[in-house]
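The primary structure of each chain is shown beneath.
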Amino acid sequence: KLFYASYRDISKEVQLRQELDSQRQKNVEKTLLDTIGRLPTCSILYRENKDGPIVPERFSKEYLCFRGYAENETPDAKENGFLQTVHPDDRDCVIRELAASHGERGMHPVVVRILIRGDGYKWVSANFTWFFISEVKYLYVVFTDIDELKKQDQLLQDQYDAAQSFLDSVADSYLMTQRSNL
């Protein structure tokens, strides 16, 4: 019996295949992040670093416009910090909602005030969702301006409180009149 064997070193080919697969994965990730970044919504895409902090990856043009930035302008490092633009009284609410979501998929709403350049704070409804690409965890936040609704809501509440106060005073006067007639 005759046995013939041929050996060939394919380690270079395996390495090239792995590099090609890695490059394809990076291209898919970049395409996905570019697509998310170009969605016509008022949004921010954050990335959660392995050491814990959440940092902005991309700001939509609509978000930057809403916040009062010029077309080619972006927030500086101080304004880039996660929760830096959220009103201090609302930060705990955001942290609670993020913790309650435990990185789950699906939209998680929270109503907060965010800082607008030259205009103080505005009320927004922020809906966020977590997702993973490869081993990187992302947080996608979409903002809806509800400032006018909150102002109208406050105006209605003030009117209701004034009317209730008036009715209470009228009722008290009526009761006092009835007691004095007895």
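Residues numbered from 1 in each chain as written. Predicted model: local features only at pLDDT ≥ 70, side-chain atom pairs only at ≥ 80, totals over all residues. Heavy atoms only, no water.

### Description of the nonpolar core
(1) Moving on: Judged by nonpolar contacts, the single largest core of 23 residues is most densely connected at Tyr63, Val94, Val112, Ile114, Leu139, Val141 and Phe143.
(2) Moving on: Among the elements of the structure, β1 (43-48), α2 (61-66), α4 (91-101), β3 (108-116), β4 (120-133) and β5 (136-145) are those that each provide at least two residues to this core.
(3) Moving on: Residues within four places of Val141 in sequence aside, it is in contact with Cys42, Ser43, Ile44, Tyr46, Ala126, Asn127 and Phe128.
(4) Moving on: Formed by eight residues, the second largest nonpolar core is a distinct cluster that contains Phe131, Ile133, Tyr140 and Val142. (Core = buried A, V, L, I, M, F, W, Y, C linked by side-chain atoms within 4.5 Å. Buried < 20%, exposed > 50% of the residue type's maximum accessible area, 1.4 Å probe, protein only. Helix = DSSP H or I, 4+ residues; strand = E, 2+ residues; numbered from the N terminus. Contact = heavy atoms within 4.5 Å.)

### As for the pattern of salt bridges
(1) Moving on: Within the structure shown, the criterion is met by six salt bridges.
(2) Moving on: With a closest N to O distance of 2.7 Å, Arg47 and Glu57 form a salt bridge. On the criterion of sequence distance, the pair formed by Arg47 in strand β1 and Glu57 in strand β2 (residues 54-59) is long-range, its members being 10 residues apart.
(3) Moving on: What makes Arg47 partly exposed here is its relative accessible area of 26%. (Salt bridge = Lys/Arg side-chain N within 4 Å of Asp/Glu carboxyl O.)

### Things to note about the sheet that holds β4
Two modes of strand pairing occur in sheets, parallel and antiparallel, and in both the strands are linked by backbone hydrogen bonds.
(1) Moving on: Spatial ordering of the open sheet is given by β2-β1-β5-β4-β3, a layout of five strands whose pairing is antiparallel. Each edge of the open sheet carries a strand with a single partner, namely β2 and β3. For this sheet, the mean inter-axis angle between neighbouring strands, taken without regard to orientation, is 35°.
(2) Moving on: Where β3 meets β4, nine bridges bridge the pair, whose relative direction is antiparallel. Bridge pairing links Leu115 to Tyr121 in β4. (Pairing = 2+ DSSP bridges. Axes fitted to C-alpha atoms, helices over the stretch in contact; angles between N-to-C directions.)

### Observations regarding the confidence of the model for the protein
(1) Moving on: In this model, the protein carries a mean pLDDT of 82, and residues with pLDDT of at least 70 account for 88%.
(2) Moving on: For the protein, the element scoring lowest by mean pLDDT is helix α3 (residues 77-80), at 67; β3 scores highest, at 90. (pLDDT = per-residue confidence, 0-100.)

### Remarks on a nonpolar patch on the surface
(1) Moving on: A cluster of nonpolar side chains, Phe166, Leu167 and Val170, forms an exposed patch at the surface whose accessible area comes to about 300 Å².
(2) Moving on: Considering the arrangement of structural elements, one finds Leu167 in helix α5 (residues 147-181). (Patch = residues over 30% accessible without salt bridge, like charges linked within 9 Å, V, L, I, M, F, W, Y side chains within 5 Å. Areas by Shrake-Rupley, 256 points an atom, 1.4 Å probe, with all protein chains shown as cover.)

### Re the environment of Lys50
(1) Moving on: The residue Lys50 is located in the loop between β1 and β2 in this model.
(2) Moving on: The exposure class of Lys50 is exposed, given its relative accessible area of 75%.
(3) Moving on: For the pair Lys50 and Val136, spaced 86 residues apart in sequence, the C-alpha separation works out to 8.2 Å.

### As for the pairing of β2
(1) Moving on: Sheet analysis places β1 next to β2, joined by five bridges and oriented antiparallel. The residue bridging Leu45 from the neighbouring strand is Arg58, located in β2.

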